Amino acid sequence: MKLQVSRKNYGKILHITDTHLFSDEEGCLLGINSNKSFLSVIAEIKKSKKKFDLIVATGDFVQDGSQKAYARFAEQIIKFNTPCVWLAGNHDNYTFMQDVFAHYQLADNKIVLFGDKWLIVLLNSQVVGHAHGFLPESELTFLQHALLQHADRHALVFLHHHPIQSGCHWLDQHTLKNSEALEKIIQSHTQIKAVGWGHIHQQQDHRWHHCLAFSTPSTCFQFKPACYDFQLSNDDAPGWREITLHLDGSLTTEVYRLANNPFAPDLSQNGY
């Protein structure tokens, strides 16, 4: 199913990821109440009074696997009155996502025709029961078909898992295991202008062959960059990413965070 978003000049996307919500209002993960940090992020975005044409949410919506936690996410997102597309992360229950999000009219669209010039494709890299990601042949074929069918459009691709090494040894054990397959498609389709993901709870910005490649911070805790073993960051606050798509196939993007890091994690924790 395709979603059509009408734009004439340029378009603005809000990228949110890794909310890790709980059904219990006081649920905490690594010392952070992820429900409250998510609400704070949403409040700060609304405070900016910016208008978005599309919201892209790239997985790990909930921590406790509950339908109520998915509803928490949807109840806030629908207040933007903006189309929202989504995909699964390693912590997600896909059946629950479909059922709850359909109730809130967050449609299960994996292709977005954005204005007259852009194509957005969402890929499912989830491997049920595992932290790492993998794109099965069906997803790779889906991407290639979408690119060929809309060869006149610039493309932006989203998935949950990182296809590029993060520089954190422990995190890179949970990367996209067949990233070379995605890389080959990128190399052969210059219409792909950018690839975005979540999962690593960090901001990273790369140049991957001819396109931009970036990760977006979590709305809760952040992982410390360039670490061999699991470590949390006490310096980086919850955040989100804004992406502007231009008619000429270029895009500009910037990450924003809550000021003064009001949600510091419990640095004594050694896993999640």
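It should be emphasised that the depicted structure is a prediction, and the values quoted were computed from it without experimental measurement.

Rules of the game
- Residues numbered from 1 in each chain as written.
- Predicted model: local features only at pLDDT ≥ 70, side-chain atom pairs only at ≥ 80, totals over all residues.
- Heavy atoms only, no water.
- Helix = DSSP H or I, 4+ residues; strand = E, 2+ residues; numbered from the N terminus.
- Rg over C-alpha atoms; globule rule 2.2 N^0.38 Å.
- Buried < 20%, exposed > 50% of the residue type's maximum accessible area, 1.4 Å probe, protein only.
- Contact = heavy atoms within 4.5 Å.
- Areas by Shrake-Rupley, 256 points an atom, 1.4 Å probe, with all protein chains shown as cover.
- Salt bridge = Lys/Arg side-chain N within 4 Å of Asp/Glu carboxyl O.
- Pairing = 2+ DSSP bridges.
- Axes fitted to C-alpha atoms, helices over the stretch in contact; angles between N-to-C directions.
- Parallel < 35°, antiparallel > 145°, perpendicular 65-115°, else oblique.
- Left-handed = near helix turned anticlockwise from the far one by under 90°.
- Nonpolar A, V, L, I, M, F, W, Y, C, P; charged D, E, K, R; others polar.
- Disulfide = S-S within 2.5 Å.

> Tell me about the overall build of the chain, residues and numbers included.
The number of helices and strands found in the chain is five helices and 14 strands. A globule of 272 residues ought to have a C-alpha radius of gyration of about 19 Å, and the chain, at 17 Å, matches this closely. For the chain, with 272 residues in total, the buried portion stands at 56%. Counted over contacts in the chain with a minimum sequence separation of 6, partners at least 24 positions apart contribute 70%. As displayed, the chain has an accessible area near 11500 Å², and 49% of this comes from carbon and sulfur atoms.

> Can you explain the pattern of salt bridges? Please cite residues and give values.
Within the structure shown, the criterion is met by five salt bridges. For Glu26, the salt bridge goes to Lys36, with nearest N and O atoms at 3.6 Å. Of the two residues, Glu26 is situated in the loop between β2 (11–16) and β3 (28–29) and Lys36 in helix α1 (residues 34–47); the sequence distance between them amounts to 10 residues. Since its relative accessible area comes to 40%, Lys36 is described here as partly exposed. A salt bridge links Asp205 to Arg241, with the shortest nitrogen-to-oxygen separation between them at 3.1 Å. On the criterion of sequence distance, the pair formed by Asp205 in strand β11 (residues 204–208) and Arg241 in strand β13 (residues 239–245) is long-range, its members being 36 residues apart. The class for Asp205 is partly exposed, based on a relative accessible area of 44%. You can call Arg241 buried: its relative accessible area is 0%. Salt bridges sharing common partners tie together Lys12, Lys50 and Glu242.

> Quick rundown of unusual backbone geometry? Include the residues and the values.
At Leu30, a position not held by glycine, the phi torsion is positive, near 55°. Inspection of the secondary structure assignment puts Leu30 in the loop between β3 and β4 (32–33). On the basis of relative accessibility, which here comes to 6%, the residue Leu30 falls in the buried class. Of note, Gln105 is a non-glycine position whose phi angle comes to about 60°, a positive value. Structurally, Gln105 is set in the loop between α3 (94–103) and β7 (111–114).

> Explain the sheet that holds strand β14 (residues 251–257) residue by residue, including any values.
Strand order in the open sheet formed by five strands is β6-β5-β2-β13-β14, with mixed pairing between adjacent strands. Looking along the sheet, the strands with just one partner apiece sit at the ends: β6 (84–86) and β14. Taking each pair of neighbouring strands and ignoring which way they run, the sheet shows an average axis angle of 20°. Sheet topology note: the β13/β14 ladder contains seven bridges and is antiparallel. Bridged to Gly239 within β14 is Arg257.

> Describe the packing of helix α2 (residues 67–77) against α3, listing the residues and the values that go with them.
Relative to each other, α2 and α3 sit at 45°, their axes nearing to 9 Å. Regarding the angle of α2 to α3, the classification is oblique. Taken as a pair, α2 and α3 cross one another with a handedness that is right-handed. Touching Gln67, Tyr70, Ala71, Phe73 and Ala74 of α2 are Phe96, Met97, Val100 and Phe101, all from α3. Taken together, the residues of the contact of α2 with α3 break down into eight nonpolar, one polar and no charged.

> How would you explain the state of the cysteines if you had to name every residue and give the values?
In total, this model carries zero disulfides according to the counting rule given. No disulfide involves Cys84; its sulfur sits 17 Å from the nearest other cysteine sulfur, which is in Cys220. For Cys84, a relative accessible area of 5% corresponds to the buried category.

> Account for the sheet that holds β11, naming residues and giving values.
Reading across from one edge, β1-β7-β8-β9-β10-β12-β11 is the order of the seven strands in this open sheet, with mixed pairing throughout. Of all strands in the sheet, those bounded by a partner on one side alone are β1 (2–5) and β11. Looking at each pair of strands side by side, their axes are set apart by 20° on average, direction ignored. Relative to strand β10 (residues 192–197), strand β9 (residues 154–158) runs parallel, the two being bridged by four bridges. In the sheet register, Phe158 faces β10, and the bridge partner there is Gly196. Across the sheet, helix α4 (residues 137–149) lies against β1, β7, β8 (118–122), β9 and β10, angled at about 170° from β8, the strand it touches most. Docked against the sheet, helix α5 (residues 179–188) engages β10, β11 and β12 (211–215), running at close to 55° with respect to β11.

Such coordinate-based values are descriptive only and should not be taken to indicate function.
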